[in-house]
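# Observations on the three-dimensional arrangement
For reference, the chains in residue letters:
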Amino acid sequence: MSSLSTMLASPGTMVQCDDDPEAVYEFLCEKGWNDGLPVIPPTPARVERMLAYCDRDFDKPVAKIPPRFGAATPIRVAANAVMAGCKPEYFPLVLLALEAMAEEPYNLYGTQATTHPCTPMLIFNGPIAREIGINAGHNVMGNYFRANAAIGRAVRLALVNIGAAIPGIGDMATAGTPAKFTFCVAENEAASPWEPLHVELGFPQDASTVTVIAAEGPHNINDHESITAEGILTMTAGTMTITGSNNAYYAGQPCVAFGPEHAQTVAGGGMSKADVKKWLFERATLPMSRFSQEGIERRFRRKLSDQYANAPLDAPVRMFAKPDDLIVIVTGGAGKHSAYIPTFGNTRSVTQPLRRADGELVKSIQELKRG
Amino acid sequence: MAQLTKRGLIAAVVCSDSFMKLGTAQAKVFGVPDLPLLKIQHPLGGLNMDKVRERAAVALPQLLKVVKEKQS
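Structure report, in brief. If you're wondering where the values come from, they're calculated on a predicted model, not measured in any experiment.

Cut-off values and rules
Residues numbered from 1 in each chain as written. Chains lettered and ligands numbered in written order. Predicted model: local features only at pLDDT ≥ 70, side-chain atom pairs only at ≥ 80, totals over all residues. Pairing = 2+ DSSP bridges. Helix = DSSP H or I, 4+ residues; strand = E, 2+ residues; numbered from the N terminus. Axes fitted to C-alpha atoms, helices over the stretch in contact; angles between N-to-C directions. Parallel < 35°, antiparallel > 145°, perpendicular 65-115°, else oblique. Left-handed = near helix turned anticlockwise from the far one by under 90°. Contact = placed C-beta atoms within 7 Å. Nonpolar A, V, L, I, M, F, W, Y, C, P; charged D, E, K, R; others polar. Right-handed = clockwise from strand over helix to strand, strands pointing away. Core = buried A, V, L, I, M, F, W, Y, C linked by C-beta atoms within 7 Å. Buried ≥ 20, exposed ≤ 12 C-beta atoms within 10 Å, placed from the backbone. Arc of directions from axis to C-beta.

## Quick look at the sheet that holds strand β6 (residues 219-222) of chain A
All names here are of chain A. If you trace the four strands from one edge of the open sheet to the other, you get β6-β11-β7-β10, paired in mixed fashion. Taken across any chain shown, the strands that pair with only one partner, and hence form the sheet edges, are β6 and β10 (327-330). On average, each strand axis in the sheet is tilted by 20° relative to the strand beside it, whichever way the strands run. Where strand β7 (residues 255-258) meets β10, four bridges bridge the pair, whose relative direction is parallel. Bridge pairing in β10 places A257 opposite I329.

Right, here's the structure in full:
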């Protein structure tokens, strides 16, 4: 590994401007190197501190970020993490999320450049999310919590500044979503009646993972009345069945994020996660007749002709292709709300565990502290 | 199209005007900055066949020009 000071001295690595915070903000806005909000200036000293928990080579890319296919080296990502307001302890999770998104099934190129309003939803599981303080309780998808805000924002800044997801040039989203500022949650494992997502996917309980989903913003499921599993799931299915969703046509993996109270009611009815997925697979359907005549003729009859060429108008249109495609987590605080998160169409979720450079699972973020 | 161009074939991309910046940038990223972009009016999706034919009529002369230039 070349030394940090050598890297910083190489041509084009650094730019100079007035060190007044407002001047830095103006400079970055003029350059287009931000997300529109004020940032912490990524000075060499701050970037170096950000790398305190990075056990990778600082100049070796962990991913290439399209559409520019910019090299996401730790040093570049660290500059974005500084700008976002990350603590150094957050940094390994920012890198991990970018690595996961670079896996082919996620389709980072498509999700970056599409007109669809998708953005990476980051779901963290395992002990490190708790150790560094990623919120899994009240307002989990909202504001206020530094780790949720800064980790998701750092990822987004890297997508813009390294990958060139610049609106109208590399990010063609028609309207986008406010979730493009940050969309980062932890699963509320302590409040869940079910096994957490990473355990369901085969990782050890004490592994720490990120799951990335090319997500729309969350759609609320308000249900203060149902007191049975079927009641909660009926309301969930009703929220999931929307004609304008990519998930009605493609093989994406939408997510139901149950609030703990809804989850307890569903589990109290004797339903496992697998049962929930199967129930929703069978019932979260729309009759084809709910779509426009043009949609029926052009999309269903022609493009999806293997399923719908001669199907009756009341043929069910499913919101996911098979039961296991639905991602189910439990997150949030008290209250009778859950969330449904539709996705981009041509994408799959990716889950990656946090490992040390030697391949061992990281049990505490302190294992990664340098020197 | 970038791969076809690199293999020496004549290639071009039909691109609606709203996507010209993306198309131009991607041609550079993929190492074929001179890849011809055949500019048509946006949108291309959600059109009836008459509108699709109108766009084809705009793209076709551009394509023929590219082919003639590449062959000469």
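There's plenty left to go through after this.
## What to know about the packing of helix α10 (residues 229-240) of chain A against helix α12 (residues 273-283) of chain A
All names here are of chain A. It is at 10 Å that the axes of α10 and α12 come closest, and there the two elements cross at 50°. In terms of orientation, α10 lies oblique with respect to α12. As α10 packs across α12, the resulting crossing turns out to be right-handed. Residues L233, T236, A237 and M240 of α10 form the contact with α12, whose own contacting residues are V276, W279, L280 and R283. Its residues assigned to classes, the contact of α10 with α12 shows six nonpolar, one polar and one charged.

## Some remarks on the pairing of strand β1 (residues 13-16) of chain B
All names here are of chain B. With four bridges connecting them, β1 and strand β2 (residues 37-40) associate as parallel partners. Counterpart to V13 in the pairing with β2 is L37. For the segment spanning β1, helix α2 (residues 20-29) and β2, crossover handedness is right-handed.

## Concerning the nonpolar core
Residues A81, C86, V94, A97, L98, L122 and I151 of chain A are the most contacted members of the largest nonpolar core, which totals 106 residues. Leave out the neighbours within four places in its chain, and A97 of chain A touches P120, L122, V155, V210 and V212 of chain A. Judged by nonpolar contacts, the second largest core, of nine residues, contains C15, L35, L37 and L38 of chain B.

## Thoughts on the sheet that holds strand β3 (residues 119-125) of chain A
Residue and element names in this part refer to chain A. In spatial order, the strands read β4-β3-β5-β12; together these four strands make up an open sheet with mixed pairing. A strand with exactly one partner marks an edge of an open sheet, and here the two such strands are β4 (184-186) and β12 (350-353). The sheet shows a mean angle of 20° between the axes of neighbouring strands, direction not considered.

## Observations concerning unusual backbone geometry
The residue after P66 of chain A, namely P67 of chain A, is reached through a cis peptide bond having omega 5°. Within the secondary structure, P67 of chain A is located in the loop between β1 (64-65) and β2 (70-71). In this structure, the amide linkage connecting H42 of chain B to the following residue, P43 of chain B, adopts the cis form with an omega of 0°. Take P43 of chain B: it is sitting in the loop between β2 and α3 (49-71). The residue Y144 of chain A is not glycine, and still its phi comes out positive at about 95°. Along the polypeptide, Y144 of chain A turns up in the loop between α7 (127-132) and α8 (146-161). With 9 C-beta atoms packed within 10 Å, Y144 of chain A lands in the exposed category. Phi is positive for A164 of chain A, close to 65°, though the residue is something other than glycine. Mapped onto the secondary structure, A164 of chain A falls in the loop between α8 and β4. We classify A164 of chain A as buried; it has 22 C-beta atoms within 10 Å.

## Some details on the interface of chain B and chain A
Each side of the interface is counted separately: chain B has six residues, and chain A has eight residues. Looking at the side of chain B that touches chain A, its residues break down into four nonpolar, one polar and one charged.

## Structural notes on the packing of helix α4 (residues 74-84) of chain A against α8 of chain A
All names here are of chain A. Running from amino to carboxyl end, α4 crosses α8 at an angle of 130°, the nearest separation of the two axes being 8 Å. Taken together, the axes of α4 and α8 are oblique relative to one another. Here the hand of the crossing between α4 and α8 comes out right-handed. Residues V77, N80, A81, M83 and A84 of α4 lie in contact with α8, whose contacting residues are A150, R153, A154, L157, A158 and N161. Class assignment for the residues of the contact of α4 with α8 results in eight nonpolar, two polar and one charged.

## Re the pairing of strand β5 (residues 209-215) of chain A
Residues in a regular strand point their side chains to alternate faces of the sheet. Residue and element names in this part refer to chain A. For β5, the buried fraction is high: seven of the seven residues fall into the buried class. Sheet topology places β3 next to β5; seven bridges connect them, and they run antiparallel. Each residue of the ladder has a partner; that of N125, found in β5, is T209. The sheet contact formed by β5 and β12 spans four bridges and is antiparallel. When the bridges of β12 are listed, V212 appears paired with V350.

## Quick word on α2 of chain B
Within the sequence span of α2 of chain B, burial applies to L22, Q26 and A27 of chain B. An end-on view of α2 of chain B places all buried positions within 135° of arc, on one side of the element. Buried residues along α2 of chain B sit in contact with α6 (108-113) of chain A. Of the residues one or two after α2 of chain B, G31 of chain B is the one with positive phi, at around 80°.

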